[in-house]
Amino acid sequence: MSDPSFLPLAEIRQSRSETLGVSAAADATRRRFLEIMGASIALAAGAGCTRQPTEFIVPYVDPPEHVIPGRPKYYATAALVNGIAQGIIVESHLGRPTKIEGNRAHPASLGATDVLSQACVLDLYDPDRSKQILNGGEVRSWEEFVQAFRGMLEPIRKARGRGLRLLTETVVSPTLGDQIGQVLEQFSEARWHQFDPAGPHSARAGAHRAFGKYVNTYYRLDHADVILALDSDFLTCETGSTRYARDFADRRRIRGNNSSMNRLYAVESTMTATGGKADHRLALRHSEIGQFAADLAGALGAAAPNGNAAPSGNNAAPYSDWLKAVAADLMAHRGASAVIPGQCLPPEVHALCHAINAALGNAGVTVLYTDPIETRPEEQIGSIRQLVSDMNAGAVELLLILGGNPVYNCPADLEFSRALTQVHTSIHLSLHNNETSARTHWQIPETHFLEGWGDARAFDGTITILQPMIEPLYNSRSQIEVLDLLLRFPHRTSYEIVRSYWAPRASTEDFETWWRQSVRTGLIPGSALPEIHPAVQKVEAPQPLQAGNEGALDLVFRPDPYIYDGRYANNAWLQELPRPMTKLTWDNAVHLSPATAKRLKLEREQQVQLKYRGRSVRGSVWISPGSADDTVTVHLGFGRAKAGVVGNGAGFNAYLLRTSDALWQGSGVEVAPTGEKYLLASMQMNEDMVGREPMISRPVADYRSDPDFVKKIHSEPERDETLYPAWSYTGYSWGMSIDLTACVNCSACVIACQAENNIPVVGKGQVQAHRIMHWLRIDTYYQGDLSHPAARYQPVPCMHCEDAPCELVCPVQATQHSADGLNDMVYNRCVGTRYCSNNCPYKVRRFNFLLFNDWYTEQLKMQRNPDVTVRSRGVMEKCTYCVQRIREAEIRSQDEDRFIRDGEIQTACQQVCPTQAIVFGDMNNKANHVARLKQEKLNYSLLAELNTRPHTTYLAELRNPNPQLKESA
């Protein structure tokens, strides 16, 4: 059992260590190799009887300048999330980016980040990244490609670009957009096409319908008293969600009887984290939401200025009482409300929402408009359809695909893969050698955004200059470097290209000072787009649901909350991160409501075949509380064949059912059981609180009438009712408070904890065996009727109990109490009895039964945090309150002869949280934020009746239901 090669993931990585491990520095000089790798291989502590893999420490030949070992450096840049820039700060250890944090100065993050930003550092070190330029499967050098490209381009240049096509995703980079403009100017017969499979196509088209032009829409939810989300997961998964979650939570908290609290309504076809957070939620079929919006517009009297009246309210609709209450609430908060349509709704619904917001006086207050942040916004489905037509007609001589993966995610009816065979020469620039790369003549490795220079706009237009944190690990090029070949500048670096674009556009004559300031702060001051005030021109109501379709099943497509459109499918952190409402990992599923599953006589994890328009896929059923009846929801991004070792074969490919005229919803899907079962892996075994109410949630009116209601529910035993010894803290006493009112179940804290603390993934099989390794989990509970349930969220780290049940049962004192109140775990002592886990009532301790950490892949060693021990097999792990950060602050404060300041230490989960739901600090100082929160009347301890006296406590959740509505979701 000492040979770890049989273990999950480690076996995969070891088997290819020769091809992947050595290649990380294959093209590097010896000096560069030593700089990259010398300090990146962390020493692992011994554990049990497991023999540790042999490692070597290689000294520097010449130490790099301005680098002090053990002291990380921090650099500002931006991550592209959901097609826009989000400001981040990157922590770098000796030239190795290891951790992402938010940029407090950036309007899209305000110091927080989301799941995708946190996980992007793992993509940088992905061993399956494309490494070499390939032509027909043969390795080529960059010089060979440049020479061949010039030969391809010569006849096209003479023909003024005829036969040249560019295909990109949505472009929000000013430099890249300017380059494309120059290319189209030089090659007047060339054509540029855009396609982003999960982009806001409907939002873009809906704005054009409402205003007669393309505009960018974003929201100021800190000014909104009432919010209506129409099939929109704006708190966790859509464009700008990090900022929106912050603004929403700021208006959600209540401190004192005079504070106001916002109210959230949600209408959606599938339960989302936003819908679960709503004060009232209505489950409707996707095809019925358009009619709901039309009825709401009629009830509000929304009309276009040219006299085109909105449809009249439908008093016969089954949701008429619900709608009347919502309409009245919106009218009572004119200018302080917001109606947010989801990006998956049809364009006519988006146009209706623009009219509704205009009628309510929200435009310019809570709903803001600017000119587009994209370079040349267009109707992308028409664009990709035209490209495929030209390809099939033999009109494309040279196709340059910059990013994306259209062979995998293009609408199935367009048959992009077949059309690609008609192109004379095709070139694909991509981070991975994916499905599209395998079908093109040339494949060029793309530079990760942490390896090169660039720029990008945020949701409000704010521009960030992207700077590299590390030199490219492979023979890769950025999009702007490849486009320079068309402009006859093949030897300019990305740094030179970006600087040359901004030099004439700087707001001062001192460009060098302006440049350094913009790069250092992570944004260009004053670059946000000015607000505009477009007038609604004409709005047409969507067609009502036809009677003949009432018995048919809707097929609804959604991007996966974490692997998005499939581009992150090879990211093991994201594959294993539990989905917010289902806690599923490593798979997508066929989601059905309880009533629909009962009608179809289907059970959970029963495999079915989905048939739609002559196409079919197979997937496993998951019965999802809160889903609309007669709705089949599937998530995109799975079923990859060329994602890499981690992503290949996970789930099924829902793109095979997606067509260009039904991007997000279609009707008439057939569901047929196959007679087999396909087991799924869920992190949470019980979605019901079973009457114990570990997560307290009440209407805010209850709190105002009885502020002490929490103590009546969860009263702690007297302090002396225990056999445990009392602890006295003469210095610091560390503790944490988690505000359940603010938590939106985004899981950013979970992935941040994993990145900070070198927590491994275990794989689907081990998840099914309940051998998860996350030190922090978010429990999701459902209450009430499963067809219309209420959802509750509760993050659960180690409680760091005062009277810790785990400490007294450890035979080797591997778990013990520290002088500052931490429940420490000494890895070197642990012999794997697991008594501590059995005695823990919160089930937050994790035992690595197998060697889950990958010891063989060199690239993955570069990502690990050198301040945290990398554990081997046979030891117990758990949350440590990020003790490495605590000790660092202690050393710094001692050197400066002072006490640690309030807020100086932030745990990884606290720092990343978009809603600031997590607060950590010294409880002994009563002026500290965490100490004040623990004095709140809403404060309570989880399982307080056990008298464990945890240092982690919660603030009970408050909701703000409408008194006119009886139900509260």
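Procedures and definitions
- Residues numbered from 1 in each chain as written.
- Predicted model: local features only at pLDDT ≥ 70, side-chain atom pairs only at ≥ 80, totals over all residues.
- Heavy atoms only, no water.
- Helix = DSSP H or I, 4+ residues; strand = E, 2+ residues; numbered from the N terminus.
- Buried < 20%, exposed > 50% of the residue type's maximum accessible area, 1.4 Å probe, protein only.
- Contact = heavy atoms within 4.5 Å.
- Areas by Shrake-Rupley, 256 points an atom, 1.4 Å probe, with all protein chains shown as cover.
- Core = buried A, V, L, I, M, F, W, Y, C linked by side-chain atoms within 4.5 Å.
- Axes fitted to C-alpha atoms, helices over the stretch in contact; angles between N-to-C directions.
- Parallel < 35°, antiparallel > 145°, perpendicular 65-115°, else oblique.
- Nonpolar A, V, L, I, M, F, W, Y, C, P; charged D, E, K, R; others polar.
- Pairing = 2+ DSSP bridges.
- Salt bridge = Lys/Arg side-chain N within 4 Å of Asp/Glu carboxyl O.
- Patch = residues over 30% accessible without salt bridge, like charges linked within 9 Å, V, L, I, M, F, W, Y side chains within 5 Å.
- Disulfide = S-S within 2.5 Å.
- Phe/Tyr/Trp six-rings, centres within 6.5 Å; stacked < 30°, edge-to-face > 60°.
- Lys NZ or Arg CZ within 6 Å of the ring centre and 35° of its normal.
- Left-handed = near helix turned anticlockwise from the far one by under 90°.
- Expected span 1.5 Å × (residues − 1).
- Bend = angle between axes of the 7 residues up to and from the residue.

Participant: Quick question: what am I supposed to make of the overall build of the protein chain here?
Facilitator: Counting secondary structure elements, the protein chain contains 29 helices and 40 strands. In the protein chain, buried positions account for 63% of the 969 residues. Across the protein chain, contacts joining residues at least 24 apart in sequence account for 75% of those joining residues at least 6 apart. Put simply, the protein chain shows about 36000 Å² of open surface, and 50% of that area lies on carbon and sulfur atoms.

Participant: I keep staring at the nonpolar core and nothing clicks. Help me out?
Facilitator: Nonpolar side chains tend to gather and get buried jointly when the protein is soluble and globular. By size, the foremost hydrophobic cluster in this structure holds 234 residues, and its most contacted members are Leu-228, Leu-230, Phe-292, Leu-399, Phe-416 and Leu-610. By size, the runner-up hydrophobic cluster in this structure holds 43 residues, among which are Phe-149, Phe-187, Leu-429 and Leu-483.

Participant: Got a minute to help me understand the packing of helix H6 (residues 174-186) against helix H17 (residues 494-502) in this structure?
Facilitator: Between two packed helices, what matters for the description is the angle formed by their axes and the separation of those axes. It is the contact of H6 with H17, at a shortest axis distance of 10 Å, that shows an interaxial angle of 85°. In terms of orientation, H6 and H17 fall into the roughly perpendicular class. On H17, the residues touching Pro-174, Thr-175, Asp-178 and Gln-179 of H6 are Ile-497, Val-498, Tyr-501 and Trp-502. Of the residues belonging to the contact of H6 with H17, the class tally is five nonpolar, two polar and one charged.

Participant: Just checking my understanding: could you explain the sheet that holds strand S2 (residues 84-93) for this structure?
Facilitator: Sheet strands pair by backbone hydrogen bonding; their relative direction is either parallel or antiparallel. An order of S1-S2-S3 is seen for the three strands of this open sheet, with the pairing classed as antiparallel. Each edge of the sheet is formed by a strand with only one pairing partner; in this case those strands are strand S1 (73-81) and strand S3 (96-102). Ignoring strand direction, the axes of neighbouring strands in this sheet form an average angle of 40°. Of the strand pairs in this sheet, S2 and S3 are connected by six bridges, and their pairing is antiparallel. From the neighbouring strand, Glu-91 faces S3, where its bridge partner is Lys-99.

Participant: Please explain the pattern of salt bridges as it appears in this structure.
Facilitator: Side chains carrying opposite charge are able to pair once their charged atoms draw close together. Across all of its chains, the model carries 48 salt bridges by this definition. Notably, a salt bridge pairs Glu-101 with Arg-885, separated by 3.2 Å at the nearest N-O pair. Within this pair, whereas Glu-101 is found in strand S3, its partner Arg-885 is found in helix H27 (residues 883-895), the two being separated by 784 residues in sequence. The exposure class assigned to Glu-101 is buried, which follows from its relative accessible area of 5%. Salt-bridge contacts for Arg-567 lead to Asp-565; the nearest nitrogen and oxygen are separated by 2.7 Å.

Participant: Mind showing me how you'd approach a nonpolar patch on the surface here?
Facilitator: On the surface, a cluster of nonpolar side chains totalling about 290 Å² of accessible area is made up of Leu-808, Val-809 and Tyr-835. As for its placement among the helices and strands, Leu-808 is situated in the loop between strand S32 (790-796) and strand S33 (815-817).

Participant: Would you mind showing me how to read the sheet that holds strand S13 (residues 367-370) here?
Facilitator: Across the sheet, three strands lie side by side as S8-S13-S19; this open sheet has antiparallel pairing. The sheet is open, and its two borders are formed by strand S8 (216-219) and strand S19 (531-532), each paired with just one other strand. Across four bridges, S8 lies against S13 in antiparallel orientation. When the bridges of S13 are listed, Thr-217 appears paired with Tyr-369.

Participant: Whenever I open this one, the state of the cysteines confuses me. Can you help?
Facilitator: Disulfides are covalent bonds that connect the sulfur atoms of two cysteines. Tallying each qualifying case throughout the model produces zero disulfides. Cys-836 forms no disulfide, and the closest cysteine sulfur to it belongs to Cys-810, at a distance of 6.3 Å. With no disulfide of its own, Cys-840 has Cys-806 as its nearest cysteine by sulfur position, at a separation of 6.5 Å. Looking at Cys-840, the relative accessible area reads 8%, which means it is buried.

Participant: Would you take a moment to explain the environment of Leu-167 for this structure?
Facilitator: Mapped onto the secondary structure, Leu-167 falls in strand S6 (residues 164-168). What makes Leu-167 buried here is its relative accessible area of 3%. Between the C-alpha atom of Leu-167 and that of His-193, which follows or precedes it by 26 residues, the distance is 4.8 Å.

Participant: Sorry if this is basic, but what is going on with the packing of aromatic side chains here?
Facilitator: Remark: the centre distance and the inter-plane angle together describe each pair of aromatic rings, the angle taken between the planes. Per the stated rule, a full pass over the model turns up 24 aromatic pairs. Positioned over the ring face of Phe-847 is Arg-834, at 5.1 Å from the centre of the ring.

Participant: I'm lost on the packing of helix H10 (residues 286-300) against helix H11 (residues 320-332) in this one. Help?
Facilitator: Contact geometry of H10 with H11 gives a least axis separation of 10 Å together with a crossing angle of 50°. Comparing the axis directions of H10 and H11 gives the class oblique. Crossing geometry of H10 relative to H11 is assigned as right-handed. For the pair formed by H10 and H11, the contact residues are Phe-292, Asp-295, Leu-296, Ala-299 and Leu-300 on the first element and Trp-322, Leu-323, Ala-327, Leu-330 and Met-331 on the second. Residue classes in the contact of H10 with H11 are distributed as nine nonpolar, no polar and one charged.

Participant: Would you take a moment to explain helix H4 (residues 115-124) for this structure?
Facilitator: Because each turn of an α-helix spans 3.6 residues, side chains separated by three or four positions end up pointing in the same direction. Among the 10 residues that make up H4, 10 are buried, leaving the element largely enclosed by the rest of the structure. All of the buried residues in H4 are Val-115, Leu-116, Ser-117, Gln-118, Ala-119, Cys-120, Val-121, Leu-122, Asp-123 and Leu-124.

Participant: It is not clear to me how the environment of Ile-696 should be interpreted in this structure. Could you clarify?
Facilitator: Along the chain, the position of Ile-696 falls in the loop between strand S28 (681-682) and strand S29 (697-699). According to the relative accessible area criterion, Ile-696 is buried, its value standing at 0%. Those residues within four positions of Ile-696 in sequence are excluded, and the remaining contacts are Phe-709, Val-710, Ile-713, His-714, Leu-740, Tyr-940, Ala-956 and Glu-957.

Participant: Where do I start with helix H5 (residues 142-158) in this structure?
Facilitator: The first and last C-alpha atoms of H5 sit 24 Å apart over 17 residues, in line with the 24 Å expected at 1.5 Å per residue. Helix geometry: H5 is bent most strongly at Met-152, by close to 30°, with proline Pro-155 lying one to four residues after it. Turning to H5, its buried residues are Trp-142, Phe-145, Val-146, Phe-149, Met-152, Leu-153 and Ile-156. Arg-160 sits one or two positions beyond H5 and adopts a positive phi of about 60°.

Participant: Whenever I open this one, the environment of Arg-488 confuses me. Can you help?
Facilitator: Looking at the secondary structure, you find Arg-488 in the loop between helix H16 (479-486) and H17. Considered as a pair, Arg-488 and Arg-150 are 338 residues apart in the sequence and their alpha carbons are 9.2 Å apart.

Participant: How should the pairing of strand S15 (residues 425-430) be read in this particular structure?
Facilitator: The two faces of a sheet get side chains in turn, since along a regular strand they alternate between them. Within S15, six of the six residues are buried, which leaves the element mostly enclosed by the surrounding structure. Side-chain alternation along S15 places Thr-425, Ile-427 and Leu-429 on one buried face and Ser-426, His-428 and Ser-430 on a second face that is also buried. With five bridges joining them, strand S14 (residues 398-402) and S15 adopt parallel strand pairing. Paired with Leu-399 across the bridge in S15 is Ser-426. Bridge count between S15 and strand S16 (residues 442-445): four bridges; the pairing is parallel. Residue Ser-430 lies in a different strand from S16, and its bridge partner there is Pro-445.

Participant: I'm lost on unusual backbone geometry in this one. Help?
Facilitator: A negative phi angle characterises most non-glycine residues, just as the trans form characterises most peptide bonds. Of note in the backbone geometry, His-800 takes a positive phi value of approximately 50° without being a glycine. In this structure, His-800 sits in the loop between S32 and S33.

Participant: Is there a simple way to explain the pairing of strand S12 (residues 337-341) in this structure?
Facilitator: Within S12, five of the five residues are buried, which leaves it mostly tucked inside the rest of the structure. Sheet topology note: the strand S9 (residues 226-230)/S12 ladder contains five bridges and is parallel. For Ile-227, the partnering residue across the bridge sits in S12 and is Ala-338.

Participant: Please clarify how the side chain of Asn-262 should be interpreted in this entry.
Facilitator: Within the element layout of this structure, Asn-262 appears in the loop between helix H8 (241-250) and strand S10 (263-268). Given a relative accessible area of 0%, Asn-262 falls into the buried group. Look past the residues within four positions of Asn-262 in its chain and what remains in contact with it is Ala-224, Asp-225, Phe-248, Arg-251, Arg-252, Asp-279 and Asn-960.

As far as function goes, none of this settles anything; it's purely spatial.
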